[in-house]
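One-letter residues, chain by chain:
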Amino acid sequence: MEPSDKINRLQEDLEEHLQEALEESVQDDSAEKVKSYPQELFVLPLNRRPFFPGMAAPIMIEPGPYYEVLKTIAKEDQKFIALVLTKKEDVNIAKVGFSGLYPVGVLGRILRIIPMDGGGAQVVLNMEERIEIVSAIKSRHLKAHVRYRHDEKELSDELKAYSINIISVIKELLKLNPLFKEELQIFLGHSDFTEPGKLADFAVALTTATREELQKVLEAFDLQQRIDIALNLLKKELDLSRLQSSINQKIEATITKSQKEYFLKEQLKTIKKELGIEREERSIDLEKFEERLKKRVVPDAVMETIADEMEKLGSLDAMSAEYSVCRNYLDWLTIVPWGLSRKERHDLSKAEDILHKDHYGLDEMKQRILELISVGKLTEGIKGSIICLVGPPGVGKTSVGKSIARALNRDFFRFSVGGMRDEAEIKGHRRTYIGAMPGKLVQALKQCQSMNPVIMIDEIDKMGSSYQGDPAAALLEVLDPEQNKDFLDHYLDVRVDLSHVLFIVTANILDTIPEPLLDRMEIIRLSGYILEEKLQIATKYLIPRSRKEMGLKATDVNFSTDALRAIINGYAREAGVRNLDNNIKKILRKVALNLVRERDKGRRKTRKWLINKGSLNEYLGKPIFLTDRFYERTPVGVATGLAWTSHGGATMYIEAIKVAGEKTGMMLTGQAGDVMKESSQIAWSYLHSALHKYAPGSTFFEQSQVHIHIPEGATPKDGPSAGCTMVTALISLLIDTPIEDDLGMTGEITLTGRILGVGGIREKLIAARRSGLETLIFPKDNLRDYEELPDFLKTGLKVHFVEHYDQIFPLAFPEQA
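Quantities reported herein were computed from a predicted structural model and do not represent experimental measurements. (Residues numbered from 1 in each chain as written. Predicted model: local features only at pLDDT ≥ 70, side-chain atom pairs only at ≥ 80, totals over all residues. Heavy atoms only, no water.)

Draft legend 1. Region of interest: the overall build of the chain. Secondary structure summary: the chain contains 28 helices and 24 strands in total. Taking all 817 residues of the chain together, 47% fall into the buried category. Of all intrachain contacts in the chain linking residues separated by at least 6 positions in sequence, the fraction that spans at least 24 positions is 75%. For the chain, the exposed surface amounts to about 42700 Å²; the carbon and sulfur share of it is 50%. (Helix = DSSP H or I, 4+ residues; strand = E, 2+ residues; numbered from the N terminus. Buried < 20%, exposed > 50% of the residue type's maximum accessible area, 1.4 Å probe, protein only. Contact = heavy atoms within 4.5 Å. Areas by Shrake-Rupley, 256 points an atom, 1.4 Å probe, with all protein chains shown as cover.)

Printed below as a string of structure tokens:
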């Protein structure tokens, strides 16, 4: 016999024995005989729920001390045992003592003992009377002197009324929860209302009350008190059953309604099919895919894949999971605009007008786009171009991409790869994954519905990499004109031609872009704007656009030139125009508020607001920037350098002092990077070696500690371009002579004094103009970069180009030359 059959047979036997025991116990109660109960009983702890007199119940006795007690009781004529509830539910009954038991329990008479195969036994007991533990008896097992508590025989009318009330509540409860219907019928068939104590005991046993509440009923010897407690528990159970019944009815009603709707819809669908009004979902999908393919010129290899998938779709059940996977795959394969392209505009004058209308300046970028259009006109289409726009934030890199798309009459799609760590964003997911979809490039083709859009990949310098892959490596295939004509997306798993796409990539800096990726791009630098350029941008673009957004007219508000200059110099000194735009919007919002307030007061004609330099404090508060210059007159040991940052150019002071020390030494502070620290060491060594040329007769900081500091110490700084500036500051300190005022310089120095070229000449020139420097020193290697700059940037500046530091010394210290 199988173990499961043994368990089922055992359960059936137990239910049969329990039913017979319940009937016997009721018959014994109805017989009139005097019962003689022992005064000493073994005690069996219960940790779930207490039992009540008049009940019959099975108990599992596991092998152990209580199984030994059971064997001892089985040998006696009267097989009685005390059943008492433990005070804590999770206690180990094998280790519990009398202190862990309630004082009141019930006397159980053993009716049957059913041995178990694995040891232990199932015991069927009939509960006879309430007992109260008087004292413990010294024994190997729990044994005690007990006192029997009998119910009163004389009943009052009030108790009879309570009994009737309990019966009525039980009957209501039975309608809602028929769980104990059979036991209740047996009890009611052999009992009458003259025994309210047993009725109360049986009633509370039907409830889901807690073990503590049931123990409280067991300990209630007074019938009035017991019935009160029992009636309250029954009422609670009735309310709970009603709530449960209500919830079940609502759920069943919802399910019934849903089933009804489903059957009706299925019937309606069948009727429509018979009448030819509606077709199967599969045929609708196939027709939709075929209709798409008629408008496209699909490559042969792709068409083979589509044909195979459509044949597969036709054989699948529409309700299967694989059907939806196959359908989605076909949906993407047929939605790609195979062979569809937007007709390019090759009109140079029209493109030039669009570029000039959208952007001020940026002549190099505009020239490059016009060259692209010219090549496209001659070759019947622009192919294989990847342009990288590099510049500080707010100079218009993203808006340039939109203007290029307008000029070429192409669709535009932009997505950012800043913070991207998963290569699947570029090349798609495998179709085996749940929720798989193609990469951003295929999504761009779907959205633009052309194979020659302008796709802008933003923030390429901020990509990351993780265990999920390296997106920068995935872009190598995308941005290589020799490879992207056969681009393979992991989801589509067919070749896609991206060679007609014009890719525009944006970045703030180039240092973090991998060299192989950078090699595939043409770099166009968008430098920061000078004051004159920002004035034109604000007047022609920012103010009209912001005024329109705020619902204002040109007759409502006007900005003076002095006000715009003050905003640029005092509140928006960054390389781009984003902060300038935000400050203009801030002013216009306050103007809009004042305008609405005047109209609310009933004024038909409102005044025109003139924003001048004097009213800026009212709109923008105190200026954020006062001046870039720390010193009007340059002190000894201080030199002014020019630096490039990702936000544009900036002036940078190099300060040097000396203090007495036991030996000569140099210290650098100001959060300088490794390259800048090396520059300071080179400057220190070069000056030491060339001391006879610049300070003849002087000793090199004998018994002095030199401290070089770069102000604004919270800002990280790095790069080699401060080398010549550091040498100049040290010479000024050594010969105790200040450097010429309004002089700025930049250039990398070698150990032999040669001045090497640096980057960011345009940004540094803009920073010099902003700070009011009049004389600049640049490396001769940067003469070509300087000559390419527009004339308005050079106006008013005296620029010297040098190859060796010997040429800088007379410019910085003319009196010493």
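We are not done yet, so read on.
Draft legend 2. Geometry of the side chain of threonine 506. With respect to the secondary-structure elements, threonine 506 resides in strand S12 (residues 502–507). Those residues in contact with threonine 506 that sit more than four places away from it in its chain are Leu389, Lys397, Met456, Ile457, Asp458, Glu459, Ile460 and Asp461.

Draft legend 3. Broad picture of the packing of helix H9 (residues 300–315) against helix H10 (residues 321–335). Running from amino to carboxyl end, H9 crosses H10 at an angle of 150°, the nearest separation of the two axes being 10 Å. On the basis of their axis angle, the class for H9 and H10 is roughly antiparallel. H10 is crossed by H9, and the crossing has left-handed handedness. Counted together, Thr305, Ile306, Glu309, Met310, Lys312 and Leu313 of H9 and Glu322, Tyr323, Cys326, Arg327, Tyr329, Leu330, Leu333 and Thr334 of H10 form the full contact between these two elements. Residues that form the contact of H9 with H10 fall into these classes: eight nonpolar, two polar and four charged. (Axes fitted to C-alpha atoms, helices over the stretch in contact; angles between N-to-C directions. Parallel < 35°, antiparallel > 145°, perpendicular 65-115°, else oblique. Left-handed = near helix turned anticlockwise from the far one by under 90°. Nonpolar A, V, L, I, M, F, W, Y, C, P; charged D, E, K, R; others polar.)

Draft legend 4. Inspection of the pattern of salt bridges at higher detail. Inspection of the entire model under this criterion finds 25 salt bridges. A salt bridge links aspartate 411 to arginine 342, with the nearest nitrogen and oxygen atoms 2.8 Å apart. Taken together, the positions of aspartate 411 in the loop between helix H13 (397–408) and strand S8 (412–416) and arginine 342 in the loop between H10 and helix H11 (348–358) put the pair 69 residues apart, joining distant regions of the chain. Residue aspartate 411 is classed as buried on the basis of its relative accessible area of 17%. Salt-bridge contacts for aspartate 358 lead to arginine 406; the nearest nitrogen and oxygen are separated by 2.8 Å. (Salt bridge = Lys/Arg side-chain N within 4 Å of Asp/Glu carboxyl O.)

Draft legend 5. Seen up close, helix H15 (residues 440–448). Three or more residues of H15 are buried, namely Leu441, Val442, Gln443, Ala444, Leu445 and Cys448. Following H15 by one or two positions, glutamine 449 has its phi on the positive side, about 55°.

Draft legend 6. Looking closely at the side chain of arginine 292. Examined against the element boundaries, arginine 292 turns out to sit in helix H8 (residues 281–294). For arginine 292, a relative accessible area of 17% puts it in the buried group. Beyond its immediate chain neighbours, meaning those up to four positions away, arginine 292 contacts Asp331, Thr334 and Ile335.

Draft legend 7. Seen up close, the packing of aromatic side chains. Counted according to the given criterion, the structure contains 14 aromatic pairs. Summarising the aromatic geometry, the rings of tyrosine 329 and tyrosine 491 are spaced 6.0 Å apart at their centres and angled 80° between planes, so their arrangement reads as edge-to-face. Separated by 162 residues along the polypeptide, tyrosine 329 in helix H10 and tyrosine 491 in the loop between strand S10 (487–488) and strand S11 (495–496) bring together distant segments of the chain. The burial state of tyrosine 329 is the same as that of tyrosine 491; both residues are buried. (Phe/Tyr/Trp six-rings, centres within 6.5 Å; stacked < 30°, edge-to-face > 60°.)

Draft legend 8. Here's a closer look at the environment of valine 758. Looking at where valine 758 falls in the secondary structure, it is placed in the loop between strand S22 (755–756) and helix H25 (761–771). What valine 758 contacts, discounting residues up to four positions off in sequence, is Ser721, Thr746, Gly747, Glu748, Lys764, Pro779 and Asn782.

Draft legend 9. Representation of H9 within the structure. Compared with the 22 Å implied by 1.5 Å per residue over 16 residues, the 23 Å span of H9 between its first and last C-alpha is a close match. Turning to H9, its buried residues are Val302, Ile306, Glu309, Met310 and Leu313. What you see down the axis of H9 is that its buried residues fit within an arc of 105°, all on one side. Of the exposed residues in H9, those oriented more than 90 degrees away from the buried face are Asp300, Ala301, Glu304, Asp308, Glu311 and Ser315. (Expected span 1.5 Å × (residues − 1). Arc of directions from axis to C-beta.)

Draft legend 10. Layout of unusual backbone geometry. Not every positive phi belongs to a glycine, and aspartate 736 is a case in point at roughly 55°. With respect to the helices, strands and loops of the structure, aspartate 736 is situated in the loop between helix H24 (723–735) and strand S20 (743–745). On the accessibility criterion, aspartate 736 (58% relative accessible area) is exposed. In this structure, aspartate 742 is a non-glycine residue whose phi angle is positive, near 55°. Along the chain, aspartate 742 falls in the loop between H24 and S20.

Draft legend 11. Layout of the sheet that holds strand S7 (residues 386–390). An order of S8-S9-S12-S7-S13 is seen for the five strands of this open sheet, with the pairing classed as parallel. On the outer flanks of this sheet lie S8 and strand S13 (522–525), each paired with one strand and no other. Strand after strand, the sheet turns through a mean of 20° between neighbouring axes, direction not considered. Sheet contacts for helix H12 (residues 363–379): S7, S12 and S13; angle to S13, the most-contacted strand, approximately 145°. (Pairing = 2+ DSSP bridges.)

Draft legend 12. Molecular detail of the nonpolar core. Formed by 65 residues in total, the largest nonpolar core has its most connected members in Phe51 and Leu83. The leading source of residues in this core is helix H7 (residues 223–275), at eight residues. Ignoring any residue separated from it by four or fewer positions in sequence, one finds phenylalanine 51 in contact with Leu46, Ala57, Ile59, Leu83, Val106, Met127 and Leu218. Membership of the second largest hydrophobic core comes to 57 residues, among which are Met310, Trp332, Val336 and Ile513. (Core = buried A, V, L, I, M, F, W, Y, C linked by side-chain atoms within 4.5 Å.)

Draft legend 13. Broad picture of a negative patch on the surface. A cluster of like negative charges, contributed by Asp300, Glu304, Asp308 and Glu311, occupies part of the molecular surface. Within the secondary structure layout, glutamate 311 lies in helix H9. (Patch = residues over 30% accessible without salt bridge, like charges linked within 9 Å, V, L, I, M, F, W, Y side chains within 5 Å. Lys, Arg positive; Asp, Glu negative; His and termini not counted. Charge placed at Lys NZ, Arg CZ, Asp CG, Glu CD.)

Draft legend 14. A look at a nonpolar patch on the surface. On the surface, Leu243, Ile247 and Ile251 cluster together to form a nonpolar patch covering roughly 270 Å² of accessible area. Relative to the assigned elements, isoleucine 247 resides in helix H7.

Draft legend 15. Spatial organisation of the confidence of the model for the chain. Per-residue pLDDT for the chain averages 81, and the proportion of residues at 70 or more is 89%. Under a pLDDT of 50 for its full length, residues 1–15 has, in the predicted model, eight contacts with residues more than four places off or in other chains. (pLDDT = per-residue confidence, 0-100.)

Draft legend 16. Spatial organisation of the packing of H11 against H13. Orientation of H11 relative to H13, taken along the N-to-C sense of each, is 155°, at an axis distance of 8 Å. The orientation of H11 with respect to H13, classified from their angle, is roughly antiparallel. Pair H11 / H13 crosses with right-handed handedness. Facing Ala351, Ile354, Leu355 and Asp358 of H11, the residues of H13 in contact are Ser403, Arg406 and Ala407. When grouped by side-chain class, the residues that make up the contact of H11 with H13 number four nonpolar, one polar and two charged.

Draft legend 17. Structural view of the pairing of strand S19 (residues 704–709). Only one face of S19 is covered, namely the one carrying Ser704, Val706 and Ile708; the face carrying Gln705, His707 and His709 has none of its residues buried. Bridge analysis of strand S18 (residues 665–669) against S19 gives five bridges, and the strand direction is parallel. Within S19, the residue paired with methionine 666 across the bridge is valine 706.

Draft legend 18. Expanded view of the environment of valine 494. Along the chain, valine 494 turns up in the loop between S10 and S11. Distance from valine 494 to methionine 303, taken between C-alpha atoms, is 9.9 Å for residues 191 residues apart in sequence. Residues in contact with valine 494, not counting those within four places in the same chain, are Val302, Thr305, Tyr329, Leu333, Trp338, Phe487, Leu488 and Asp489.

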